[in-house]
Amino acid sequence: MAFHEITAYCFEDLKVGMRETYLKTVMDSDVIGFAQISGDRNPIHLSEHFAAQTRFGGRIAHGLYTASLISAILGMRLPGPGAVYLSQTLKFKAPVRIGDVIEVAVEVAELIEKGGRCRLACEARVDATVVLDGEAVVMVPRRADLPAGSLLP
């Protein structure tokens, strides 16, 4: 599922507790494409024969593929265009398989006036299972710092 609507917030618009989610079905082509882009061609992601012999019993998606969906929310919805990623912590808790529907959520956890920074709690689930969690810190533009004619509010 692609974002059909872009949302952009300036630092002044954000409030603790604001939340955004994104649903994505993991496709075979996503895993193959991520392997090509990242260079991580570990057979646990690409070879059913190899992966069937592992503790997972089949192919799994790259952990950073799942994490990249957090970036989709941060860059497109909350805070949205203009936000700059500063840091991300990640804890991988369970495998994600081809065909799984991942629900990724980010929530504003803290607003830091100095530098216009925002700390967000991040989580990815497949059904009721948390597969990944962590925190992101982004720098968010202030309205006064936007260039004239900016697309941001």
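Here the structure is a predicted model, which is why all the values come from computation and not from measurement.

## Topic: the overall build of the chain
Turning to step 1, where the next piece is worked out: Per the secondary structure count, the chain includes 4 helices and 6 strands.
Turning to step 2, where the next piece is worked out: Helices and strands in the chain line up, N terminus first, as β-α-α-α-α-β-β-β-β-β.
Turning to step 3, where the next piece is worked out: Going through the 153 residues of the chain one by one, you find that 38% of them count as buried.
Turning to step 4, where the next piece is worked out: Considering only contacts within the chain whose residues lie at least 6 apart along the sequence, 65% involve residues at least 24 apart.
Turning to step 5, where the next piece is worked out: Total accessible area on the chain stands at roughly 8,200 Å², and carbon and sulfur atoms take up 56% of it.
Turning to step 6, where the next piece is worked out: Distance from the positive charge centre (16 side chains) to the negative charge centre (18 side chains) of the chain: 4 Å.

## A closer look at the packing of aromatic side chains
Turning to step 1, where the next piece is worked out: For the structure shown, the criterion picks out 1 aromatic pair.
Turning to step 2, where the next piece is worked out: Summarising the aromatic geometry, the rings of Phe34 and Tyr65 are spaced 6.0 Å apart at their centres and angled 80° between planes, so their arrangement reads as edge-to-face. Of the two residues, Phe34 sits in helix 1 (residues 28–38) while Tyr65 sits in helix 4 (residues 63–76), which places them 31 residues apart along the sequence.

## Overview of the pattern of salt bridges
Oppositely charged side chains may form a pair once their charged atoms are brought near each other.
Turning to step 1, where the next piece is worked out: Counting across every chain of the model gives 10 salt bridges.
Turning to step 2, where the next piece is worked out: Asp133 serves as the salt-bridge partner of Lys93, at 3.2 Å between the closest nitrogen and oxygen. Of the two residues, Lys93 is situated in the loop between strand 3 (91–92) and strand 4 (101–112) and Asp133 in strand 6 (residues 129–139); the sequence distance between them amounts to 40 residues.
Turning to step 3, where the next piece is worked out: Taking the relative accessible area as the measure of exposure, Asp133 reaches 17% and is therefore buried.
Turning to step 4, where the next piece is worked out: We note a salt bridge from Glu110 to Arg119, for which the minimum N-O separation is 2.9 Å.

The rules behind the values
- Residues numbered from 1 in each chain as written.
- Predicted model: local features only at pLDDT ≥ 70, side-chain atom pairs only at ≥ 80, totals over all residues.
- Heavy atoms only, no water.
- Helix = DSSP H or I, 4+ residues; strand = E, 2+ residues; numbered from the N terminus.
- Buried < 20%, exposed > 50% of the residue type's maximum accessible area, 1.4 Å probe, protein only.
- Contact = heavy atoms within 4.5 Å.
- Areas by Shrake-Rupley, 256 points an atom, 1.4 Å probe, with all protein chains shown as cover.
- Lys, Arg positive; Asp, Glu negative; His and termini not counted.
- Charge placed at Lys NZ, Arg CZ, Asp CG, Glu CD.
- Phe/Tyr/Trp six-rings, centres within 6.5 Å; stacked < 30°, edge-to-face > 60°.
- Salt bridge = Lys/Arg side-chain N within 4 Å of Asp/Glu carboxyl O.

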